[in-house]
Amino acid sequence: MELTDGSRIAVIGGGPAGSFFSYYALEYARRFGLDLELDIFEAKDFTKIGSSGCNHCGGIVSESLVQELAADGLVIPSEIIQRGINTYTMHTEQGKRSIHAPTDEHRIAAVFRGSGPRGCLDKSLKGFDNYLLGLCQEKGAKLIPEKVTLLERTENGVMVGCSKSDMRKYDLVIGAVGLNINALELFKGICPSYSLPEVTRAYISEFIMKPGDIVRSLGSSMHVFLLDLPQITFGALIPKYNYITLVLLGKDIDKDIVQNFINSHQVRSCFPEDFPVKRALPCQCYPYINIKQGNNAYADRVVLIGDSASSKLYKNGIGAAFITAKAAASPAVFEGISKRHFEKYYKPICRDLDSDNWVGKWIFRVTRIIQKSAVLKRGLLYQVGKEQAKEHSTLRMSSALWDTFTGSAGYRNIFRRFLHPGLLFGLIRSTLTSNLSINNRHTHEKQEARQTL
Ligand SMILES: Cc1cc2nc3c(=O)[nH]c(=O)nc-3n(C[C@H](O)[C@H](O)[C@H](O)COP(=O)(O)OP(=O)(O)OC[C@H]3O[C@@H](n4cnc5c(N)ncnc54)[C@H](O)[C@@H]3O)c2cc1C
């Protein structure tokens, strides 16, 4: 079972996973001298404003992905980038600290996936997903702007059906439908041992604001919140050009959890004093996020990629889409398209992401303990503050936190760095120093109050 000249590939879903697969499959085929026909089926129109043209996401493209794309000659054009992020500001009830990029080359891009939030009047905005689709079309992919409603196996191929056009036969079908449950169920029919990924509800909203106000309030910093609020694993404000994106990740985020977060003093203080935070939400949604990978995401002539298969827990889902897409494109073009080929060359990549996520789960458990403890948060702030203030500091804690927030490094790598004796010793010392000094200050204040009385 191999692709030969004239073989036909159907990519179902034109989000990052579908586009990255198409781009690399066509590029590998060109190098191999193989003439392929590749159709991308995409139900959404990414030129539309609001949710009908958007794949709901915070829009952070990690520095590792920016660099990997650049290494392959894909430089994200400046008109796609809404803002370059160069620092992370960590907020807790005990104070805040800014963490600068460990080296000057590291840059993170904040983008819109679609062409702008609901109510957006600027029709010239260009989204990330549309940019990637354009690259694939330049490489020869054909875009079919339809929703796939039927997949059926035949003896030597797979039939793909849409509501508006006739069924077509393909040699290979790629499942890049994200977490669309109906579409994933279609794949179960042609990939019987596949089990769907586990999901939970997250939250995104967009606040429109004057660019100057955004610079004054948030700067070019992504603001992350380590607050003791139930069910929130990660909360962030991401500055775009004239929008601020609010992202909440955790367990089954709902309206009350969102309100609790927005009403907290730490979040409120990131907005100008007179900004009507509660009334300023023209665009908000509760999309699913992948929290456990789907299993056996391949069969003869079929492979699922991106969120539909394996992602990265809470971070860098676009980066994981890139990894899985490239990992599926290479065996499809160079080796073969049978279940055995995908098992040998694709499965190890998914397994690697999965075991990294397992470590990630432990990191988030520890983060949850820190979130609940004022004593530990004081120590953390003190340690980061000390590292950031010193010119040639080793930045152990800052760089481990930077990679945790940005999702640029794997969780195993981050975990190893958190276990470094220098980091642990520094944190213990900072926790003791910061908490003793606050105790002394309280005692002193009490004595002064008593004397005044
Ligand atoms: C709240 C939240 C914030 C996030 N923030 C970030 C972030 O800042 N950075 C980051 O890297 N990741 C982030 N992610 C994760 C990221 O959005 C996903 O990992 C990424 O979009 C996965 O890409 P994909 O191509 O697999 O799926 P998707 O982006 O979901 O694309 C799937 C595509 O398939 C199409 N489709 C579905 N069914 C059909 C059908 N039957 N026929 C035709 N087309 C179909 C859909 O229209 C869609 O365009 C976030 C996720 C959430 C929920």
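Note that this is a predicted model, so its numbers are computed, not measured.

Points about the site of the ligand
Then, in step 1: Close to the ligand lie 37 residues, the nearest being Glu42, Asn55, Ile60, Arg113 and Ile318.
Then, in step 2: Backbone polar atom of Ala17 to an oxygen atom of the ligand: 2.9 Å apart, as the coordinates give it.
Then, in step 3: Contact between the ligand and Asn55: an oxygen atom at 2.8 Å from a side-chain N or O atom of the residue.
Then, in step 4: Considering the ligand on its own, with 1,000 Å² of exposed area, one finds that the protein chains cover 92% of that surface.
Then, in step 5: Of all the secondary-structure elements, those providing two or more residues to the shell around the ligand are helix H1 (16-32), strand E17 (243-250), strand E19 (288-292) and helix H8 (317-334).
Then, in step 6: The residue makeup of the shell around the ligand, split by class, is 20 nonpolar, 11 polar and 6 charged.
Then, in step 7: Residues from two domains meet in the shell around the ligand; each of domain 1 (8-59 + 123-197 + 293-357) and domain 2 (87-111 + 203-286) gives at least three.

Quick notes on the environment of Asp356
Then, in step 1: Topologically, Asp356 is positioned in helix H10 (residues 347-372).
Then, in step 2: Residues Asp356 and Phe322 lie 34 residues apart in sequence; the distance between their C-alpha atoms is 16 Å.

Looking at the pairing of strand E14 (residues 203-208)
Then, in step 1: Taken across its 6 residues, E14 has 5 buried, putting it largely inside the fold.
Then, in step 2: Summarising the sheet, E14 and strand E18 (residues 283-285) pair through 3 bridges and their orientation is antiparallel. Paired with Ile204 across the bridge in E18 is Cys285.

Considerations on the domain arrangement of the chain
Then, in step 1: Domain boundaries in the chain define domain 1 (8-59 + 123-197 + 293-357), domain 2 (87-111 + 203-286) and domain 3 (373-452).
Then, in step 2: Of note, the centres of domain 1 and domain 3, computed from C-alpha atoms alone, are 43 Å apart.
Then, in step 3: Every contact between the two is made by 8 residues of domain 1 and, on the other side, 8 residues of domain 3.
Then, in step 4: Both faces considered, domain 1 and domain 3 share a buried interface measuring about 670 Å² in area, 36% of it formed by carbon and sulfur atoms.

Regarding the sheet that holds strand E1 (residues 8-12)
Then, in step 1: What the 6 strands build is an open sheet, ordered E8-E2-E1-E12-E21-E20; its pairing is mixed. Only two strands of the sheet have a single partner each, and these edge strands are strand E8 (142-144) and strand E20 (298-299).
Then, in step 2: The pairing of E1 with strand E2 (residues 37-41) spans 5 bridges and is parallel. By the bridge assignment, Ile9 is partnered in E2 with Leu38.

A word on the packing of H10 against helix H11 (residues 374-389)
A packed helix pair is summarised by two numbers, namely the angle formed by the two axes and the spacing between the axes.
Then, in step 1: Two elements in contact, H10 and H11, have axes separated by 5 Å at closest approach and are oriented at 100°. When the axes of H10 and H11 are compared, the pair comes out roughly perpendicular. Contacts between H10 and H11 involve Ile369, Ile370, Gln371 and Lys372 on the former and, on the latter, Ala374, Leu376, Lys377 and Leu380.
Then, in step 2: For the contact of H10 with H11, the class distribution of residues is 5 nonpolar, 1 polar and 2 charged.

A look at the pattern of salt bridges
Then, in step 1: With the rule as written, the count across this model stands at 13 salt bridges.
Then, in step 2: With a shortest N-O distance of 3.7 Å, Asp39 and Arg8 are connected by a salt bridge. Of the two residues, Asp39 is situated in strand E2 and Arg8 in strand E1; the sequence distance between them amounts to 31 residues.
Then, in step 3: Judged by its relative accessible area of 22%, Arg8 falls in the partly exposed class.
Then, in step 4: In this structure, Asp252 engages Lys251 in a salt bridge whose closest nitrogen and oxygen atoms are separated by 3.6 Å.
Then, in step 5: Exposure remark for Lys251: the relative accessible area of 53% places this residue in the exposed category.
Then, in step 6: In this structure, a network of salt bridges that share partners links the residues Glu27, Arg30, Arg31 and Lys139.

As for the packing of helix H2 (residues 63-71) against H8
Then, in step 1: Between H2 and H8, the least distance of the axes is 9 Å, while the angle of their chain directions is 40°. Crossing of H2 against H8: the hand is left-handed. Between H2 and H8, the residues in contact are Leu65, Glu68 and Leu69 and Ile318, Gly319 and Phe322, respectively.
Then, in step 2: Looking at the contact of H2 with H8 residue by residue, the class counts come to 4 nonpolar, 1 polar and 1 charged.

What to know about the state of the cysteines
Then, in step 1: Applying the stated criterion across every chain, the model contains 0 disulfides.
Then, in step 2: Between Cys162, a free cysteine, and Cys136, which holds the nearest cysteine sulfur, the sulfur-to-sulfur gap is 18 Å.
Then, in step 3: Residue classification places Cys162 among the buried residues on the basis of a relative accessible area of 9%.

Some remarks on the packing of aromatic side chains
Then, in step 1: Taken as a whole and judged by the stated rule, the model has 19 aromatic pairs.
Then, in step 2: Consider the rings of Phe20 and Phe322, whose centres lie 5.2 Å apart with planes at 90°: the pair is edge-to-face. A residue pair is termed long-range when its members are at least 10 positions apart, and Phe20 in helix H1 and Phe322 in helix H8 qualify at 302 residues. Across the pair, exposure class does not vary: Phe20 and Phe322 are buried alike.
Then, in step 3: Here Phe32 and Phe334 contribute two aromatic rings whose centre-to-centre distance is 5.2 Å and whose plane-to-plane angle is 80°, an arrangement assigned as edge-to-face. In this pair, Phe32 sits in helix H1 while Phe334 sits in helix H8, placing the two residues 302 residues apart along the sequence.

Thoughts on the nonpolar core
Then, in step 1: Ranked by internal contacts, the top residues of the largest apolar core, which has 74 residues, are Phe21 and Tyr346.
Then, in step 2: The contacts of Tyr346, once residues within four sequence positions are left out, are Ala297, Tyr298, Val303, Leu304, Ile305, Ala309, Thr324, Ala327, Ala328 and His341.
Then, in step 3: Counting 38 residues, the second-largest nonpolar core is a separate cluster that includes Leu249, Leu380, Ala400 and Ile414.

Criteria and thresholds
- Residues numbered from 1 in each chain as written.
- Predicted model: local features only at pLDDT ≥ 70, side-chain atom pairs only at ≥ 80, totals over all residues.
- Heavy atoms only, no water.
- Near = heavy atom within 4 Å.
- Polar contact = N/O pair within 3.5 Å; in protein donor to acceptor, adjacent residues only side chain to side chain.
- Areas by Shrake-Rupley, 256 points an atom, 1.4 Å probe, with all protein chains shown as cover.
- Helix = DSSP H or I, 4+ residues; strand = E, 2+ residues; numbered from the N terminus.
- Nonpolar A, V, L, I, M, F, W, Y, C, P; charged D, E, K, R; others polar.
- Domains from an automatic or database assignment.
- Buried < 20%, exposed > 50% of the residue type's maximum accessible area, 1.4 Å probe, protein only.
- Pairing = 2+ DSSP bridges.
- Contact = heavy atoms within 4.5 Å.
- Buried area = accessible area lost by both parts, 1.4 Å probe.
- Axes fitted to C-alpha atoms, helices over the stretch in contact; angles between N-to-C directions.
- Parallel < 35°, antiparallel > 145°, perpendicular 65-115°, else oblique.
- Salt bridge = Lys/Arg side-chain N within 4 Å of Asp/Glu carboxyl O.
- Left-handed = near helix turned anticlockwise from the far one by under 90°.
- Disulfide = S-S within 2.5 Å.
- Phe/Tyr/Trp six-rings, centres within 6.5 Å; stacked < 30°, edge-to-face > 60°.
- Core = buried A, V, L, I, M, F, W, Y, C linked by side-chain atoms within 4.5 Å.

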